[in-house]
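Topology and contacts: notes
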Amino acid sequence: MYSLEEALAPVKTVAVTGHTKPDGDCIGSCLATYNYIKTYHPEIEVTLYLEPIPNIFKFLTRSAEIRSDLAQVPPAELRFDLLIVQDCGDTGRISEAEKLIGASSRVLCIDHHISNTGFGDIRYIFPQASSTSELVFDLLPSERITKQIAECLYVGIVHDTGIFQYSCTSSKTMRTAGFLMDTGIDFSKIVDKTYMEKTFEQNQILARALEKSRLHLSGACISSIITDEDMKACHALPKHLEGVAAQLRSTKGVEAAVFFYPQADHTGQVKQGTYKISLRASSDAVNVAEIAASYGGGGHKRAAGASTALQPQACLASILEQVQRQLEAAGVSNVPAPPKSEYSK
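Computed from a predicted structure; not experimentally measured.

**Thoughts on the overall build of the protein chain**
- Looking only at helices and strands, one finds 12 helices and 11 strands in the protein chain.
- The C-alpha atoms of the protein chain give a radius of gyration of 20 Å, which matches the 20 Å a tight globule of 345 residues would have.
- The dimensions of the protein chain, computed from C-alpha atoms along their principal axes, are 65 × 45 × 40 Å.
- As displayed, the protein chain has an accessible area near 15,300 Å², and 51% of this comes from carbon and sulfur atoms.
- The distance from the centre of the 33 positive side-chain charges to the centre of the 39 negative ones in the protein chain is 3 Å.

Here it is, written out as structure tokens:
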């Protein structure tokens, strides 16, 4: 399949969905596809299902039409000619929306995760792409990309490239962003309002995470563990922790960053007893997607994540051993195993 038009040609009903706890790329790419269908195919009945999105993304066109009530929808209303699953590496990451797969005639998967399991009847999966938003751009006729669609795609690309800083950014990514900018979007405001600007609570919890951070493996790895008590002290929610792992990774000399924090439930509140593991790498010496996979997670070589019901300290010990092995295999010297006592700091 080389265009979205080919997938849409024979259908009358479409559902669009993405992964749980949708981020900028998931929201941007899904809304871009949804807006495209609503604008150019009024004959198609299309529905967008996502978990509640952060307020910073609600300026995007038709974001108010996102449905998050999938659990209450009768099964008879969940039958679609085509289900488009975006920015999702496996069916387990779409939560309630997983029930849509069995009820849909065909499934189109658009994704850029290296850990993608290859699900779907039609697959547009390119791990080398910067973002799913970049892939959606490729699937749309360029002359039909409106300013509103461009805003959605630009948000997705900006968030998954760290404002074009991450290694997934290519010259093609920059050309795509340039095209989107030429549609008249306020690209600087998009970056300021959705990426740079932080709430007081975000700054407070970031400060707490940095204060509690520890170096391991002679400074080649950094970790931080945020607890439920930390969250309460800073009046923070799990959504306020976006970007903390990347900030840890930016520490000089660090090859890998490991960040633990309480997982959120479907309402965005702290989910007792489970932790989210965010992993970041500074170079190809460490493949964090491989480490995340050992905990049932996934992602990209330099940015991945997983969830665990184990205590963070126990997970950290295992993760450090994996990081050490990878660094040794990559020929990075002077990374002796840390003493066991370091795990309890």
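**Some thoughts on helix 6 (residues 171–181)**
- By the burial criterion, the buried members of helix 6 are Thr173, Thr176, Ala177 and Leu180. Looking straight down helix 6, one finds its buried side chains confined to an arc of 100°; they lie on one side.
- Looking at the buried side of helix 6, the elements it contacts are helix 4 (132–139) and helix 5 (147–161).

**Looking at the nonpolar core**
- Ranked by size, the top nonpolar core spans 49 residues in total, and within it Leu8, Val14, Ile84 and Leu180 carry the most contacts.
- Residues Ile277, Ala281, Ile291 and Ala304 belong to the second largest nonpolar core, which totals 26 residues.

**Describing the pairing of strand 5 (residues 122–125)**
- Side chains of strand 5 alternate between two faces, with Ile122 and Tyr124 buried and Arg123 and Ile125 left unburied.
- With four bridges joining them, strand 4 (residues 104–111) and strand 5 adopt parallel strand pairing. Each bridged residue has a counterpart across the sheet, and for Cys109 the counterpart in strand 5 is Arg123.

**Brief notes about the packing of helix 4 against helix 5**
- Close contact between helix 4 and helix 5 brings their axes to 7 Å; oriented N to C, the two are set at 145°. On helix 5, the residues that touch Ser133, Glu134, Val136 and Phe137 of helix 4 are Cys152, Leu153, Gly156 and Ile157.
- Class assignment for the residues of the contact of helix 4 with helix 5 results in five nonpolar, two polar and one charged.

**Quick word on the environment of Ser3**
- You can see Ser3 is positioned in the segment before helix 1 (4–8).
- Given a relative accessible area of 19%, Ser3 falls into the buried group.

**Comments concerning the packing of aromatic side chains**
- What the rule picks out here adds up to six aromatic pairs.
- Plain terms: the ring middles of Tyr36 and Tyr40 are 5.1 Å apart, the flat faces sit at 45° to each other, and that makes the pair tilted. One end of the pair, Tyr36, and the other, Tyr40, are both in helix 2 (residues 24–40), four residues apart, so they sit about a helical turn from each other.
- Exposure remark for Tyr40: the relative accessible area of 26% places this residue in the partly exposed category.

**Let's talk about the pairing of strand 11 (residues 303–308)**
- Across two bridges, the pairing between strand 10 (residues 298–299) and strand 11 is antiparallel. For Gly298, the partnering residue across the bridge sits in strand 11 and is Gly305.
- Counted between consecutive antiparallel strands, the loop separating strand 10 from strand 11 contains three residues.

**Here we look at the sheet that holds strand 3 (residues 80–86)**
- The sheet built from five strands is open, its strands ordered 2-1-3-4-5 with parallel pairing. Both edges of this open sheet fall to strand 2 (45–49) and strand 5, since each of them pairs with a single strand only. Strand after strand, the sheet turns through a mean of 15° between neighbouring axes, direction not considered.
- Relative to the sheet, helix 2 contacts strand 1 (13–18), strand 2 and strand 3, its axis offset from that of strand 2 by approximately 165°.
- Packing against the sheet, helix 4 makes contact with strand 3, strand 4 and strand 5, and its axis sits at approximately 115° to strand 4.

**A look at the packing of helix 5 against helix 6**
- It is at 9 Å that the axes of helix 5 and helix 6 come closest, and there the two elements cross at 145°. In this structure, helix 5 meets helix 6 at a crossing whose hand is left-handed. The residues of helix 6 that touch helix 5, namely those facing Ala150, Leu153, Tyr154, Ile157 and Thr161, are Thr173, Thr176, Ala177, Leu180 and Met181.
- Classifying every residue of the contact of helix 5 with helix 6 by side-chain character gives seven nonpolar, three polar and no charged.

**Describing the state of the cysteines**
- Scanning the model with the defined rule gives zero disulfides in all.
- The structure places no disulfide on Cys88, whose sulfur is separated from the nearest cysteine sulfur, that of Cys109, by 7.2 Å.

**As for unusual backbone geometry**
- Not every positive phi belongs to a glycine, and Phe164 is a case in point at roughly 70°.
- Mapping Phe164 onto the fold places it in the loop between helix 5 and helix 6.
- Of note in this structure, His235 is not a glycine but carries a positive phi near 55°.
- Mapping His235 onto the fold places it in the loop between helix 9 (228–233) and helix 10 (244–249).
- The class of His235 is exposed, set by a relative accessible area of 63%.

Rules used throughout
- Residues numbered from 1 in each chain as written.
- Predicted model: local features only at pLDDT ≥ 70, side-chain atom pairs only at ≥ 80, totals over all residues.
- Heavy atoms only, no water.
- Helix = DSSP H or I, 4+ residues; strand = E, 2+ residues; numbered from the N terminus.
- Rg over C-alpha atoms; globule rule 2.2 N^0.38 Å.
- Areas by Shrake-Rupley, 256 points an atom, 1.4 Å probe, with all protein chains shown as cover.
- Lys, Arg positive; Asp, Glu negative; His and termini not counted.
- Charge placed at Lys NZ, Arg CZ, Asp CG, Glu CD.
- Buried < 20%, exposed > 50% of the residue type's maximum accessible area, 1.4 Å probe, protein only.
- Arc of directions from axis to C-beta.
- Contact = heavy atoms within 4.5 Å.
- Core = buried A, V, L, I, M, F, W, Y, C linked by side-chain atoms within 4.5 Å.
- Pairing = 2+ DSSP bridges.
- Axes fitted to C-alpha atoms, helices over the stretch in contact; angles between N-to-C directions.
- Nonpolar A, V, L, I, M, F, W, Y, C, P; charged D, E, K, R; others polar.
- Phe/Tyr/Trp six-rings, centres within 6.5 Å; stacked < 30°, edge-to-face > 60°.
- Left-handed = near helix turned anticlockwise from the far one by under 90°.
- Disulfide = S-S within 2.5 Å.

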